[in-house]
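These are the residues of each chain, in order.
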Amino acid sequence: MFSSTRMNGNPCSLLYGPLEELQELAFIERPIRRSLKTAEEIDQLTVDEDLNDIERAVYLLSVGQEVQRVSVISNLPSLVRQNPAETFRRVVPKVRVTCPVCLTQDVLNGAGAEIQLAAAASFLTILQDDIILIHTHTFSILKTVLLHLNHRDTVVSNAWLETLLSAINALPKETIKQEVLNPLLYQSQLSHSLLGRLATCRILGKVACKLDTHLVKKELLPLARSLCQDVELEVRACMCRQLESFARATGVEHTRNELLPELVELARDEEISVRLAAFDTIINLMEMIDGDDRLHVVVPMVMSVCEVSSQADEAVVASLSFQFGKVCSGLAGSLLDEEKGRLLQRFKVLCVAGLQIEGNQADFNEAMLIRCNCCYNLPAMMVFADPAHFLSELYPSFSSLCCDPQVSVRRSAAASFHQVVKLLSSNVHLVHKELLALLQDEALEVLDALMNHLEETLEAVLSRAENLVLDNKFPELLSALLQAELKVGGSLRWRLHEKLLQHYSCLARLLPGEVLVQHFSPRIFTILTTNKVLPVQREAARTFCTFLRYNRNHEQRQEMMERLIQELAQGRSYWNRLRFLDVCEMASEIFSRKYFNKYFLITALELVQDPVANVRYKLCQLLPRLRSSLRLPADKQLLQQLNFCVQKILGREKDKDVVATIRKTVLELDKMDLAEPFNKRQERDLLDQKKEKEENLLLEMLERQQTEGKLNSEKHMERKRRDSKTSLLAVKSMSVSSSGATLSSSGKEMRKAKLSRSRSLSSQPTKSKPTNADRPVKVKDFSSMSGPGRSPMSMTKDEPLRTAHFSTTTQSTSSMPVLIRSNTTSLLERTSILDHGASSLDHRDHRTTTLDHRICKMEHRNNMKEQITGTMDQRDLRTATIDKRDQRTSTLDQRDHRTSTLDQHSKTRERGCAIKDNQSRKLSINRKSNSFSVQSGRD
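Here the structure is a predicted model, which means the values were calculated and not measured.

## Overview of the overall build of the protein
On a plain count of helices and strands, the protein comes out with 49 helices and 0 strands. Split into buried and exposed, the 939 residues of the protein put 42% on the buried side. Expressed as a percentage of contacts within the protein between residues at least 6 apart in sequence, the contacts between residues at least 24 apart total 72%.

## Remarks on helix H14 (residues 194-208)
Between the first and last C-alpha of H14 there are 21 Å, a value that for 15 residues agrees with the 21 Å anticipated at 1.5 Å per step. Buried residues of H14: Gly196, Arg197, Ala199, Thr200, Cys201, Ile203, Leu204, Gly205, Val207 and Ala208, and no others.

## Looking at the confidence of the model for the protein
On average, residues of the protein score 75 in pLDDT, and 63% of them reach the 70 mark or higher. Low pLDDT, under 50, characterises residues 736-743; the predicted model gives this stretch 9 contacts beyond four residues in sequence or across chains. For the stretch residues 758-834, pLDDT sits under 50, and the model shows 81 contacts to residues farther than four places along the chain or on other chains.

## What about unusual backbone geometry?
If you check the backbone angles, Asp386 has positive phi at about 80° while not being a glycine. Position of Asp386 among the secondary structure elements: in the loop between helix H22 (361-385) and helix H23 (390-393). Judged by relative accessible area, Asp386 falls into the partly exposed class, the value being 36%. A positive phi is found at Ser425, a non-glycine position, where the angle reads about 55°.

## So, the packing of helix H31 (residues 473-489) against helix H34 (residues 513-530)
Put simply, H31 and H34 touch, their axes get as near as 12 Å, and they point 0° apart. As judged from the angle between their axes, H31 and H34 are roughly parallel. Between H31, through Phe474, Leu478, Leu481, Leu482, Glu485 and Leu486, and H34, the contact on the second element is made entirely by Val515, His519, Phe520, Arg523 and Ile527. Per-class residue counts for the contact of H31 with H34 are 8 nonpolar, 1 polar and 2 charged.

## Concerning the side chain of His418
Relative to the assigned elements, His418 resides in helix H26 (residues 417-424). Judged by its relative accessible area of 7%, His418 is buried. Apart from the residues lying within four places of it in its own chain, the contact partners of His418 are His453, Glu456 and Thr457.

## Some points on the packing of aromatic side chains
Overall, the coordinates contain 12 aromatic pairs when judged by the stated rule. On the basis of an interplanar angle of 55° and a centroid distance of 5.6 Å, the ring pair of Phe525 and Phe544 is categorised as tilted. Taken together, the positions of Phe525 in helix H34 and Phe544 in helix H35 (residues 534-550) put the pair 19 residues apart, joining distant regions of the chain. On the basis of an interplanar angle of 40° and a centroid distance of 4.5 Å, the ring pair of Tyr595 and Tyr599 is categorised as tilted. Remark: Tyr599 and Tyr595 occur in helix H38 (residues 593-605); sequence separation between them is 4 residues, near one turn of the helix. With respect to class, Tyr595 is no different from Tyr599; both count as buried. One aromatic cluster in this structure is built from Phe591, Tyr595, Phe596, Tyr599 and Phe600. Stacked on the ring of Trp575, the Lys or Arg Lys532 has its end atom at 5.1 Å from the ring centre.

## Observations regarding the side chain of Asp269
Its location among the elements puts Asp269 in the loop between helix H17 (252-267) and helix H18 (272-284). Accessibility expressed as a relative area gives 14% for Asp269, which makes it buried. A distance of 2.9 Å separates the side chain of Asp269 from the backbone nitrogen of Glu271, its partner in a polar contact. Look past the residues within four positions of Asp269 in its chain and what remains in contact with it is Arg236, Val274 and Arg275.

## Some details on the pattern of salt bridges
A side chain with one charge may pair with a side chain of the opposite charge, provided their charged atoms come close. A full pass over the atoms with the stated rule returns 31 salt bridges. Taking the shortest distance from any N to any O, the salt bridge between Lys499 and Asp448 comes out at 2.6 Å. Taken together, the positions of Lys499 in helix H32 (residues 494-504) and Asp448 in helix H28 (residues 444-451) put the pair 51 residues apart, joining distant regions of the chain. A residue is classified by how much of its surface remains accessible, and Lys499, at 23% relative accessible area, is partly exposed. Across the pair Glu585 and Arg625 runs a salt bridge whose closest N-O atoms are separated by 3.8 Å.

## Quick word on the nonpolar core
Residues Ile203, Phe246, Leu507, Phe520, Phe600 and Leu626 are the most contacted members of the largest nonpolar core, which totals 214 residues. Here this core gets 10 residues from one element, more than from any other, and that element is H22. Residues contacting Leu507, with those up to four places away along its chain left out, are Leu458, Leu462, Leu481, Leu516, Phe520 and Phe547.

## A word on the packing of H14 against helix H16 (residues 233-250)
The geometry of H14 relative to H16 is characterised by a closest axis approach of 8 Å and an angle of 10° between their N-to-C directions. Comparing their axes, H16 and H14 come out roughly parallel. Across the interface between the two elements, Leu194, Arg197, Leu198, Cys201, Arg202, Leu204, Gly205 and Ala208 of H14 pack against Glu234, Val235, Cys238, Met239, Gln242, Ser245, Phe246 and Ala249 of H16. Here the contact of H14 with H16 is built from residues that sort into 10 nonpolar, 3 polar and 3 charged.

## Considering H31
Between its first and last C-alpha atoms H31 spans 24 Å; for 17 residues at 1.5 Å apiece the expected length is 24 Å, and the two agree. Turning to H31, its buried residues number three or more, namely Phe474, Leu477, Leu478, Ala480, Leu481, Leu482, Ala484, Glu485 and Val488.

The rules behind each value
Residues numbered from 1 in each chain as written. Predicted model: local features only at pLDDT ≥ 70, side-chain atom pairs only at ≥ 80, totals over all residues. Heavy atoms only, no water. Helix = DSSP H or I, 4+ residues; strand = E, 2+ residues; numbered from the N terminus. Buried < 20%, exposed > 50% of the residue type's maximum accessible area, 1.4 Å probe, protein only. Contact = heavy atoms within 4.5 Å. Expected span 1.5 Å × (residues − 1). pLDDT = per-residue confidence, 0-100. Axes fitted to C-alpha atoms, helices over the stretch in contact; angles between N-to-C directions. Parallel < 35°, antiparallel > 145°, perpendicular 65-115°, else oblique. Nonpolar A, V, L, I, M, F, W, Y, C, P; charged D, E, K, R; others polar. Phe/Tyr/Trp six-rings, centres within 6.5 Å; stacked < 30°, edge-to-face > 60°. Lys NZ or Arg CZ within 6 Å of the ring centre and 35° of its normal. Polar contact = N/O pair within 3.5 Å; in protein donor to acceptor, adjacent residues only side chain to side chain. Salt bridge = Lys/Arg side-chain N within 4 Å of Asp/Glu carboxyl O. Core = buried A, V, L, I, M, F, W, Y, C linked by side-chain atoms within 4.5 Å.

Set out below in structure tokens:
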């Protein structure tokens, strides 16, 4: 067709196409011209402008056309909000007149039904929004609703019924009894219409929850039983579904005795819809049925439904597939192992329903609905079968549902995937293949369903991210995530792209910073700079800021900030500079004030000199947000720069839109500190402190990781160095152990020599004890020997020296005559005390030798352990043991030094005692000479 026009070369045909198409367009325009209003019709539609809203509504409802009356009735909720009293006094009565009950067939098919629907919707809005007090205007609304409840048109009748059911929630009990229940007694008779009896069933179910239990049992329950035996199957099915409300209103005991037998009888009805309603009601009341009734009533019914394979009960099977998880969860404690296996087997059959059998379109849709219901119930079935048995029991069915040929089934599987991975916990790797399949699905509907809970799914899958990096499955998952974003980004569904970027921000908490910088950050930055959809750009900016905030590597964060400044803030395209302002807006929400002021604020204020007016216009709009990030007096300099920026725009700006915006911004800045409430500002400060703490914590974690890495590397190098010197250290340890043994043996010999010396010293006084009794000693000499000012402590210290002194003097004085006998016993007692001290020294030396022997044994054991283990820690212990031996050797040397010092003191005192003995001898000789001279004189 177009080729012929080109060949003809007619310019008119080239521009407008063939003549036939132009004629068709002209024919389409003719009815539009005919439908225009005439001048008379326009006069009829004209209303006086001096009338107020109430008067105009009354006028239009009285003499206006049908379209005007529909407009007034639709606008009724707004009139009630403005002036409820006048509206219910003047307008609502006109609405009741406008909505007659007896309408002709022409009005039913035309505007009459439209007015009825508009009135029902308006009254429903008034009741749901709580615009008025229902107690005040009960009759105004309820009478209108009840008057039009039995409309001939089913759509209109259902609309008024929904309005009445909504009104019951707000009506008082007395009004319900008088205005609602009394008409029901008449409408429930068989002579009434089918729509009336159906409305009665729904009203009874709604009213049962509002009234007292006694009234429900006495008045409403007999009426409900009669409706359950109605001749029409629709009435029986509708009343059967309302029995759930009766059961919850009457209690468990009455449900078991009265309602459960009625439901069991309805479950055996000849009509499928009635049996389906009874089955659904029993399953919904599972928690109110005790164990015996579950075992004897519910379990046989469920097992019989599961075994049904006839096409007549296909609807029951579809309902069973929807309730399967609830049924199994409720009956888990009442089933045998065989019955559990049968239910699991039935669920597996339902998961592949309709895949092997070809049928008509209705059967195909029913089978597809069954498989979708199986996807919905799969998490509950995992709990029923135990997640530990998932691989053997339910994994084939789950894999089949994720790879189903129908998009709706795969979408249902994707919607419940997050619950499956949560239940699998550590075995989440079992469904890795299915996750990749859903991410790479060709249908975007599947990816959309998976995105709703992608964060929960990835948290369960990537909870062990550090270990998964070395796994082969980890790169596959990263590639699938990137491919999914590319697929959505290449489509026209920008809302799905926005949702995907929003959920990808959780990767900042789940993946290492290196993986984000290498794979995801470049792609997000590309979307930020190239995508033309503003919501997608803003979400990309938010995701990029989230990646920047949770990155713990300081160098990578610095690189990302430099890229933002160089390619966006300082970019050649004004479009990129506008995107930087969007990034600043998102960064002010994500980062703390301190971080934002340090890295974003000054760069944003530099755009005041941008040559493009759109950038300056965007900056003027962003100034209040920048001002809110400043706190005085800490940010005084930044506030001065912001004020300078405002003054610069006010003084130099020539674009009228920018000037108008900056003037409005200046007024907003002046009112900012005064207009903001104190509570709101305090909440913002607390939130900012929380963000700053999190950022500091991230930095501390980074420093800790770096420190631990350095320590690990140093430990690794130290271990290598120690392993290289293992043989050398072993030789050194052997030599040190032998030297230690030599030192210990030499120390023993020295202690033995000292012990023999002390014993020899202590043995001499015992031999001279018999001669000490004849020794003549005066009290004056003994007191001069002990010293007048000595303390008992000094006397005990000098006991060994005194022992040596007495041992040397007893032999020299044994032959001399005794002059004073009274001091001899005290000297002997002191000598025995000195002997006891010497024996205590012997015991101490013996203990010392015992300790040395034990130490030698411990050293020997340590040497044996060191030779067996050969580890570096035991070698260090061996070195420490050698140090201890050196210390002990030095201690023994100190003891030897002390013993030699004591020996020197004893020798010095022996010399002093010898001098004193010589003096005493001279004194005795002089006394003898004197006594001899006296005697000779007497003679």
